[in-house]
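Observations on chain architecture
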Amino acid sequence: MAIQQRILENGLNLSPTLTSLILMAGVLFVVLTAAAYTIWVERRVSAWIQNRVGPNRVGPAGLLQPLADVIKLVLKEDIIPVNANKAIHSAAPVISVLVAVATFAVIPVARGFVIADVNIGVLYILALTSLGVYGVTLAGWSSNSKYSLLGGLRSSAQMISYELSMGLALVAVILLSGRGDAGTTVGSLTMTQIVESQTANPLGWNLVLQFFPGFWIFFTAAFAETNRLPFDLPEAEQELVGGYHTEYSSMKFALFFVAEYINMVVSSAVLATLYLGGYQLPIGRAADQLLEAWMTTHVGHWAYTGAQITAFALKTCIFIFIFVWVRWTLPRFKYDQLMNLGWKAMLPLALLNVFLTATMVLITGGNLWAMLPFVLINAVITGGIVMVASRHNSTLSPVQRARLERRDKAKQLQPNETV
Amino acid sequence: MAIRITQVDPKLSKDLNFWERMYLPEILKGMAYTFKQMFQPTFTRQYPEEQWIPPASFRGRPVLVLEESTGVERCVACGLCARVCPPLAIFVQADETLLEKERRPAIFEINMLRCIFCGFCEEVCPEEAIVMSQEYGLSFTDRSQAKFQKEQLLIPSAQLKDRLDFLHEYKDAERNRLAEQVGKVTGPHVPMVDSQIIPVQP
């Protein structure tokens, strides 16, 4: 509880509960604003990708567009279907938003700046993202509509399939957290220690040490967990109207909408924390210590903290941009492809990654320079296994395959023949 | 009819290859493409500030030509436009005048809620007095506003130069071509001068 303590030391005689409440209000404000502007970023970036301009009328460069959207949604009529379960129908969007926002509590934005530095940080994140599916599934079920129900069902199946690989990818990260300057050789679930163990040296970040396949598994699972393209099957507007939020309007729809973007911001923050060194400045350990000492004596420690917050924000922004970029590039997966990828590709790979990372940590004892060659070896081993395992793996169904083979055979017999 | 199959794209007839099945290389290829698109110029026109100027062949709202040499409209209130107008959007009431043309419209009204921008009025007009302008931004808040009176319809001929030139070049050429065809059947033919009525023989 480092900030809470610091506020007390600075003479503000507030009770710890009040301090926490103030902090929460601050973080809530930042996260909601970030979500609103992520919507703006999404609309502008999608426009650029499609050679358009995007919203540019409300305020300078359209920056007040989120505000206008909120006003519009507040003023709209709130419709609850006659046969819907009214209590659950109203509770579902609240669950979605609550869960999305609560995840941010364990993410450190700078050294000592975290609302709750709990010692089960990673578990807390996994638990809350699992809860997020309740919002979607309950919304789908309580609306009493076919499309909503289908969306809700898809969501639950998808979440279960991808949470496993996500959790296993995290096991490797936890294994790696017992190294470096963390002061211990035992891995930890604490987010702060995961960040500290990555140090200010970019080579020590988990993005490097887990580049293939750990990072990619977690990254892909993050897309599935946030219900974003290419895994937005619960919404799938082309096939399911609006998916689980078909029957929602006005502010309840807005809550779902904003929950999606909060999820995106939080996922980006989690990705930055776990894989991109969190608040660490990418300048190397010696330079980082020098900078901290210099800033503390000449400017004040707050400057160093500010630099760390900026670094964290920038890393989060990179991932937010990638989230948006991917959405406007890739088409949606088919349901069978989604399940194949989750169970037949990512789960075995995540297991393999845990094994390889554990071996790497065991052999090298967590020494960074000794681990770097192993990263390459692990990637090559994984690549080789993937190559062998997928030799006879086809994206076609057996029927499609048989039809193609028959056609190929017919073609071989009579090339250049008139049909 | 026999269709000759010469070559089939192997990608269309075969299963995906290894790299395509691995998703990532293809995904990165796609993302590189969309990233490139972000820096391409946009196609959007910022409409109210940035207006589209249509070509002379465009049929905007019909207007009456105000002849600048005389200071009055060219219209002689013959009523052909009102007669030919498919949705009956034009109303003309004739009046006498002491000018050389002897006739003038006392009332000339076009109901823009009825107008279908077909351009028949322009085509039929013997005086080239009603032409389709390049204006397309029409909006009303009331039905009565949509009935354009003579004051709103009269436009100085200099402003309509584009359209008038276009008509001289293409409409008259078409008339001459038709007249020549008629002449082949009916005998020798004298080429038409600009914007005269064609004496079509039965």
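Since this is a predicted model, take the numbers as computed values, not measurements.

**Re the overall build of chain B**
Along the backbone of chain B there are seven helices and six strands. In chain B, the succession of α and β elements from N to C terminus is α-α-α-β-α-β-β-α-β-β-α-β-α. Burial analysis of chain B (202 residues in total) assigns 15% to the buried set.

**Details of the overall build of chain A**
The secondary structure content of chain A amounts to 16 helices and zero strands. Along the longest, intermediate and shortest principal axes, the C-alpha atoms of chain A span 90 × 60 × 40 Å. For chain A, the proportion of its 419 residues judged to be buried stands at 41%. A separation of at least 24 residues holds for 76% of the contacts in chain A among residues at least 6 apart in sequence.

**What to know about unusual backbone geometry**
Across the junction of A:F212 and A:P213, the peptide omega takes the value 0°, indicating a cis bond. Following the sequence through the fold, A:P213 ends up in helix α9 (residues 211–225). Although it is not a glycine, B:L88 sits at a positive phi angle of roughly 55°.

**Quick word on helix α11 (residues 250–275) of chain A**
Taking 1.5 Å of rise per residue, the 26 residues of α11(A) would be expected to cover 38 Å, and the 37 Å separating its terminal C-alpha atoms lies within 8% of that figure. Just downstream of α11(A), A:G277 is the residue with a positive phi angle, here 75°.

**Observations concerning the sheet that holds strand β4 (residues 130–132) of chain B**
Residues and elements named next belong to chain B. If you trace the three strands from one edge of the open sheet to the other, you get β4-β1-β6, paired in mixed fashion. Across the chains shown, the open sheet's two edge strands, defined by having one partner strand only, are β4 and β6 (154–156). Neighbour-to-neighbour, the strand axes of the sheet open up by a mean angle of 50°, direction not taken into account. Pairing geometry for strand β1 (residues 62–66) and β6, over three bridges, is parallel. Bridging across to β6, V65 finds its partner in I155.

**Structural notes on the sheet that holds strand β5 (residues 147–148) of chain B**
Each strand in a sheet pairs with its neighbour through backbone hydrogen bonds, running either in the same direction (parallel) or in the opposite one (antiparallel). Residue and element names in this part refer to chain B. Pairing is antiparallel in the open sheet, where three strands are placed in the order β2-β3-β5. Each edge of the open sheet is held by one strand with a lone partner, namely β2 (90–96) and β5. By the bridge criterion, two bridges tie strand β3 (residues 103–111) to β5 in an arrangement that is antiparallel. Paired with N111 across the strands is K147, a residue of β5.

**Quick notes on the pairing of β1(B)**
All names here are of chain B. By the criterion of burial, β1 is predominantly enclosed, with five of the five residues buried. Where β1 and β4 come together, three bridges link them in antiparallel fashion. What sits directly across from L64, in β4, is I130.

**Looking at the pairing of β3(B)**
Residues and elements named next belong to chain B. Taken together, the seven bridges between β2 and β3 define a ladder with antiparallel strand orientation. Bridge assignment links E96 to a residue of β3, and that residue is R103. Adjacent in sequence and paired antiparallel, β2 and β3 are bridged by six residues, among which E102 carries a positive phi angle near 70°.

**Description of the nonpolar core**
In this structure, A:I107, A:A169, A:A221, A:V258, A:I262, A:V265 and A:L271 are the most contacted members of the largest nonpolar core, which totals 92 residues. Top element by residues in this core is α11(A). It accounts for 16 residues. Formed by 23 residues, the second largest nonpolar core is a distinct cluster that contains B:V63, B:L64, B:A77 and B:C121.

**Considering helix α4 (residues 86–102) of chain A**
Residues and elements named next belong to chain A. The end-to-end C-alpha distance of α4, which contains 17 residues, comes to 25 Å, matching closely the 24 Å that a straight helix rising 1.5 Å per residue would cover. Of all the bends in α4, the greatest reaches close to 25° and is centred on A92; the proline P93 follows between one and four positions later. Those residues of α4 that are buried are in contact with α2 (16–49), α5 (121–142) and α11.

**Quick notes on the packing of α9(A) against helix α14 (residues 335–364) of chain A**
All names here are of chain A. Interaxial distance between α9 and α14 falls to 9 Å at its minimum, and their mutual angle equals 140°. Between α9 and α14, the angle is such that the two are oblique. You can see that α9 and α14 cross each other, and the crossing is left-handed. Here P213, G214, I217 and T220 of α9 come into contact with α14, specifically with M346, L349, A350, N353 and T357. Residues belonging to the contact of α9 with α14 are distributed by class as follows: five nonpolar, four polar and no charged.

**Structural notes on the packing of α5(A) against helix α6 (residues 146–176) of chain A**
Each pair of packed helices can be described by the angle between their axes along with the distance between the axes. Residue and element names in this part refer to chain A. Between α5 and α6, whose axes approach to 8 Å, the crossing angle comes to 175°. Classified by the angle between their axes, α5 and α6 sit roughly antiparallel to one another. Two secondary-structure elements touch here, α5 through V122, L126, S130, V133, V136, T137, A139, G140 and W141 and α6 through S148, L149, G151, G152, L153, S155, S156, M159, E163, G167, L170 and I174. Residue classes in the contact of α5 with α6 are distributed as 11 nonpolar, nine polar and one charged.

**Let's talk about the environment of A:F223**
All names here are of chain A. Checked against the element boundaries, F223 lands in helix α9. Note on F223: 21 C-beta atoms within 10 Å, which makes it buried. Along the sequence, F223 and R327 sit 104 residues apart, while their C-alpha atoms lie 9.4 Å from each other. Those residues in contact with F223 that sit more than four places away from it in its chain are R228, P230, F231 and V326.

**With respect to the confidence of the model for chain B**
Considering every residue of chain B, the mean pLDDT works out to 82; 82% of them sit at 70 or more. Across the predicted assembly, pTM comes out at 0.79 and ipTM at 0.76.

**Looking at the environment of B:A89**
Residue and element names in this part refer to chain B. One can find A89 in the loop between α4 (80–84) and β2. Since 23 C-beta atoms lie within 10 Å of it, A89 is described here as buried. Setting aside chain neighbours within four positions, we find A89 in contact with I110, N111, R114 and C115.

Conventions we followed
- Residues numbered from 1 in each chain as written.
- Chains lettered and ligands numbered in written order.
- Predicted model: local features only at pLDDT ≥ 70, side-chain atom pairs only at ≥ 80, totals over all residues.
- Helix = DSSP H or I, 4+ residues; strand = E, 2+ residues; numbered from the N terminus.
- Buried ≥ 20, exposed ≤ 12 C-beta atoms within 10 Å, placed from the backbone.
- Contact = placed C-beta atoms within 7 Å.
- Expected span 1.5 Å × (residues − 1).
- Pairing = 2+ DSSP bridges.
- Axes fitted to C-alpha atoms, helices over the stretch in contact; angles between N-to-C directions.
- Core = buried A, V, L, I, M, F, W, Y, C linked by C-beta atoms within 7 Å.
- Bend = angle between axes of the 7 residues up to and from the residue.
- Parallel < 35°, antiparallel > 145°, perpendicular 65-115°, else oblique.
- Left-handed = near helix turned anticlockwise from the far one by under 90°.
- Nonpolar A, V, L, I, M, F, W, Y, C, P; charged D, E, K, R; others polar.
- pLDDT = per-residue confidence, 0-100.

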